[in-house]
Amino acid sequence: MYNIVRTRQLNAQGVLSRAIRSAVGCCLLKLTHGMYSIVARCQNPRHSRIGNLISDDAWIEQVGAQTDASGRKSFTLLDTIEKLRVASYPLYRNDDVVCGVSAAYIHDLPLYRPPRGLIHVANPSLRWKSNDLSRTTKSIPAEDTVHIGKLALTAPVRTAFDLIGQLGEPEAFAALERVLRKAVFGSDINADNAARFGYPKNTELMARAKMEESFVPALRRLSKGQTRAERLLVGVGPLSESYAESRCGYNLALLKIEGFDQQVDVFDGSRHIARVDFMHRETKTIILVDGVTKYVDHGFSLMRKESAQYNRLIAMGYRIIRLSFDETLDLEALATKLFGQAPWLRAARSR
């Protein structure tokens, strides 16, 4: 799959060092030391023999579809490439455990503009760094390790906790929410179905049970940073349906505004009007997150539907604040808009 080839395979086809170097950036993508992916059927005669090793045409089509005319790759494609980089690295030691950002790629945790190109590994006794790999001296308990194929890597919960030190609290918070959501619903498909048809009434109870079952024990096994991780974990929930919603929830916690609930169903009598991202029931204030970009995928029918919902909510006395993706990431921008449009929320801040 993914047309992954080693230098030795290329050499066996008569593609030697000079031809390999010229093919990188053309039809070859270098992943790590001695490992490449064939990403195009090349017309260059010097690279013609590389085509003999193509076994996955679907991958070539995917790369082409997710690369624009300027050669810029989509974020989805870049994430896939990072997974291939981690999975194909040939020089892992027996006691290496893939961790941090690299494990987050494998577990499909949400990351915003993450570092790329370097594999992060924990090892109980060795420290080393190359252009491909950064090995840190750290012991990972067996309970926090999982195996996928030949890879040993930190489990999703431990990976999310490790992101606190590597990328910061906001990224770790979003990752923890994704892990909890999947733990509660069993899979992303089940979570999507719950979002579509309605969340079970016992969702919060299930989330607390999962916290006690796997999150708290993993937190207690951290060799350092337990206090910081515990403080972060207090605000984590299973109801964020996107990275932007997680970041919004994190910033609301930083602002210490009490009383906001997520995924609230609004009724007009017995008629269901909408499910809103965040609601402050006491002041009838609603926050809608990233309400524009989804129209690219779902078209004007969704826009018209939400416009009708918006108007009905206004008529019912709700104050609606729409936050763009960028505003959910920027604490100051979020606070300025929130308190500018709903100044009464200042009174809801805890001391």
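Residues numbered from 1 in each chain as written. Predicted model: local features only at pLDDT ≥ 70, side-chain atom pairs only at ≥ 80, totals over all residues. Heavy atoms only, no water.

Draft legend 1. Region of interest: the sheet that holds strand 1 (residues 4–6). The strand order across the open sheet formed by 3 strands is 1-3-2, and the pairing between neighbours is antiparallel. Two strands in the sheet have a free side with no partner beyond their single neighbour: strand 1 and strand 2 (28–32). Geometrically, the sheet is characterised by an average inter-axis angle of 35° between neighbouring strands, direction not taken into account. With 4 bridges joining them, strand 2 and strand 3 (residues 35–38) adopt antiparallel strand pairing. Opposite Leu-28, over in strand 3, you have Ile-38 as the bridge partner. (Pairing = 2+ DSSP bridges. Helix = DSSP H or I, 4+ residues; strand = E, 2+ residues; numbered from the N terminus. Axes fitted to C-alpha atoms, helices over the stretch in contact; angles between N-to-C directions.)

Draft legend 2. View of the pattern of salt bridges. According to the stated counting rule, one finds 19 salt bridges in the structure shown. The salt bridge partner of Asp-95 is Arg-93, with a shortest N-O separation of 3.8 Å. We classify Asp-95 as partly exposed; its relative accessible area is 31%. We classify Arg-93 as partly exposed; its relative accessible area is 43%. Where Arg-158 meets Asp-162, a salt bridge forms, and the shortest distance between an N and an O atom there is 2.9 Å. Placement of both Arg-158 and Asp-162 in helix 6 (residues 156–167) is noted, with a separation of 4 residues, approximately one turn of the helix. When its relative accessible area of 14% is taken as the criterion, Asp-162 is described as buried. (Salt bridge = Lys/Arg side-chain N within 4 Å of Asp/Glu carboxyl O. Buried < 20%, exposed > 50% of the residue type's maximum accessible area, 1.4 Å probe, protein only.)

Draft legend 3. A look at the domain arrangement of the protein. Domain annotation of the protein identifies domain 1 (4–72), domain 2 (91–230) and domain 3 (243–347). Distance from the C-alpha centre of domain 2 to the C-alpha centre of domain 3: 29 Å. The partner domain 3 presents 11 residues to the 13 residues of domain 2 that form the contact. Summed over both sides, the interface of domain 2 with domain 3 buries roughly 990 Å², with 61% coming from carbon and sulfur. If you look at where domain 2 meets domain 3, you find 1 salt bridge. In this structure, the salt-bridge partner of Glu-171 is Arg-247, at a minimum N-O distance of 4.0 Å. The interface formed by domain 2 and domain 3 contains 4 residue pairs in polar contact (both at pLDDT 80 or more). Going through the elements one at a time, helix 7 (169–185) and helix 8 (188–197) are the ones with two or more residues in the side of domain 2 that touches domain 3. Looking at which element gives the most residues to the side of domain 2 that touches domain 3, the answer is helix 7, with 6 residues. Residues that form the side of domain 2 that touches domain 3 fall into these classes: 9 nonpolar, 1 polar and 3 charged. (Domains from an automatic or database assignment. Contact = heavy atoms within 4.5 Å. Buried area = accessible area lost by both parts, 1.4 Å probe. Polar contact = N/O pair within 3.5 Å; in protein donor to acceptor, adjacent residues only side chain to side chain. Nonpolar A, V, L, I, M, F, W, Y, C, P; charged D, E, K, R; others polar.)

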